[in-house]
Amino acid sequence: MTGFTRLTAALGAATALLCAAPALAQAPQQAPDQTADGVEVSVPEGFTITPVAQGLGCVRHIAVHEDGTIYGAMMRRSCAAGDGGLVVLRDPDGDGTHEATFTGADIQGTGIALYRGRLYYGTDTAIRRYTLDPDTGLPAGAGEVIVGGFDEQSQHAVKPIAFDAQGHLYVSVGAPSNACQERMRTPGSPGLDPCPQLDRAGGIWRYDAQATGQRHSTDRRFATGTRNAMGLAYHPGADRLFFASHGRDDLHRLFPDLYTVEQNAELPSEEVHRLVEGGDYGWPYTYYDHEKGRRMVAPEYGGDGEKAAEPGRYAEPVATIPGHWAPNDLIVYTAQAFPERYRGGLFIAYHGSWNRAPLPQRGYNVVFVPVSADGGRVGEPEVFADGFKGREPLRSPRNAAHRPTGLAVGPDGALYVADDQGGTIWRIAYDR
């Protein structure tokens, strides 16, 4: 298994990178736990993993209420097990299996979070807020639009969300293309310069978490150059957000004279960053090459696979992983139930690759990255939960059993993992 290959020793020291490692570290694993469909998922010694709900359809990001109710965003109504874009799961008899209620037939999306007792849902074109019925846990009423006016997009339309301690709402707006080409996904087509898509997409925006009726606008952009930052979470010790973003596709198909199929499978890096106001994270003009350990000029903008980007112009990642693992969620573990080394660290759900042929697919796991309580030190990342794909080698994502896409921490400190292929939610607990 290929893993993270470059990592900063300190979040503030962008140039202090560790040496490349041939494989991602893995904590000692105990015998895998078998799910109902026969898939064996392994977790570190002392932990257990148990499915709490299955057959949900394409559940994406999740949130867990202080009373244990689980909320899941459904990416499309057509793939939900019931009628609606929101699933609410409760365990009234305490047997460990949650009963699902599908609701909110007028919404669908990925981003979901609980903030000050209310449910925020990131649809493709708006961020909505719902009051919850204290008896049923279900949304009461039609909800309010916190931020509207996002453009309709055929690519990267989902809206992951996060909150900081000052009452700000952060929204990741994915880019509506692969590389901002003049002719989208056309071999040899140059990139638009400047890229007009960055005015309203390809970045992270900040709004007031409480105000209703806000409209998406360029002047509220907090950072730019993120192609599709699916994982977004606030680290209280660092008083800033971390995010994980998807890298671009099709280096070989679009520029076969510059990249081999093997390079296409491994490049560009998937990037993990700390979020800085005004930061430029390089898309579409650059990509990060973990094999060379530096940021490169994208081929659409004059790059040839060897030309490095202008030093200091773009933010450096705090961690990278080889291409197309697809980080779909990131959380900061702030609970106390797991051993101390996990507290304040990052858990990242890797949805799994599609653009790695002819090499086997990678990802389909949950990775842990140690981070100090103050957010200032980063340790070696390691595979935390693995085996979701169900077969090895995996040649096509269509044949994967499960694809991790959502993470949340429950009131008891357990880690919940959702997948949008098998429609399962797991609970990972520490039992020692």
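Here is a short report on the structure shown in this document. (Residues numbered from 1 in each chain as written. Predicted model: local features only at pLDDT ≥ 70, side-chain atom pairs only at ≥ 80, totals over all residues. Heavy atoms only, no water.)

### Quick word on the pattern of salt bridges
Considering all chains together, one arrives at 19 salt bridges under this definition. A salt bridge links Glu392 to Lys389; the nearest nitrogen and oxygen atoms lie 3.0 Å apart. Under the relative-accessibility criterion, Glu392 is labelled exposed at 53%. Residues joined by salt bridges that share partners form a network here, namely Arg185, Arg227, Asp249, Asp250 and Arg253. (Salt bridge = Lys/Arg side-chain N within 4 Å of Asp/Glu carboxyl O. Buried < 20%, exposed > 50% of the residue type's maximum accessible area, 1.4 Å probe, protein only.)

### Examining the pairing of strand β16 (residues 203-208)
Bridging between strand β15 (residues 168-173) and β16 involves six bridges; their strand directions are antiparallel. Residue His168 lies in a different strand from β16, and its bridge partner there is Asp208. Pairing analysis gives three bridges linking β16 to strand β18 (residues 221-224), with the strands arranged antiparallel. Opposite Gly203, over in β18, you have Thr224 as the bridge partner. (Pairing = 2+ DSSP bridges. Helix = DSSP H or I, 4+ residues; strand = E, 2+ residues; numbered from the N terminus.)

### Concerning the packing of aromatic side chains
Tallying each qualifying case throughout the model produces 23 aromatic pairs. With a centroid separation of 4.9 Å and an interplanar angle of 85°, the aromatic rings of Phe47 and Phe338 are classed as edge-to-face. Taken as a pair, Phe47 in strand β5 (residues 47-53) and Phe338 in the loop between β25 (327-332) and β26 (346-350) lie far apart in primary sequence, 291 residues in all. Each member of the pair, Phe47 together with Phe338, is buried. An angle of 55° between the planes, with centres 4.7 Å apart, marks the rings of Tyr342 and Phe368 as tilted. (Phe/Tyr/Trp six-rings, centres within 6.5 Å; stacked < 30°, edge-to-face > 60°.)

### As for the nonpolar core
Core analysis: the biggest nonpolar cluster contains 22 residues, and Phe347, Phe384, Leu415 and Ile428 have the highest contact counts within it. If you list the elements that add at least two residues to this core, you get β5, β26, β27 (365-369), β28 (382-385), β30 (415-419) and β31 (425-430). Among the nonpolar cores identified, the runner-up in size contains 19 residues, and Val318, Ala319, Ile321 and Leu346 belong to it. (Core = buried A, V, L, I, M, F, W, Y, C linked by side-chain atoms within 4.5 Å.)

### A few points about unusual backbone geometry
The general pattern is negative phi for most residues beyond glycine and trans for most peptide bonds. The omega torsion across Asp193 and Pro194 is 5°, close enough to zero to call that bond cis. Assignment of secondary structure puts Pro194 in the loop between β15 and β16. Backbone torsion omega between Glu392 and Pro393 reads 0°, so that peptide bond is classified as cis. Counting through the fold element by element, Pro393 comes out in the loop between β28 and β29 (404-409). Positive phi, normally seen in glycine, also occurs at Asp239, with a value near 50°. Tracing the sequence through the fold places Asp239 in the loop between β19 (229-235) and β20 (240-245).

### Topic: the sheet that holds β26
Reading across from one edge, β2-β28-β27-β26-β25 is the order of the five strands in this open sheet, with mixed pairing throughout. Each end of this open sheet is capped by a strand with a single partner; those strands are β2 (25-26) and β25. Taken together, the five bridges between β25 and β26 define a ladder with antiparallel strand orientation. Within β26, the residue paired with Pro327 across the bridge is Tyr350.

### Considerations on the sheet that holds β5
Ordered in space as β5-β31-β30-β29, the four strands form an open sheet in which the pairing is antiparallel. Across the chains shown, the open sheet's two edge strands, defined by having one partner strand only, are β5 and β29. The average undirected angle you get between the axes of adjacent strands in this sheet is 25°. Here four bridges tie β30 to β31, and the two strands are oriented antiparallel to one another. Considered in β31, the bridge of Tyr416 is made with Arg427. (Axes fitted to C-alpha atoms, helices over the stretch in contact; angles between N-to-C directions.)

### Quick notes on the environment of Phe368
Along the chain, the position of Phe368 falls in strand β27. When the C-alpha positions of Phe368 and Ser396 are compared, they lie 25 Å apart, and in sequence the two are 28 residues distant.

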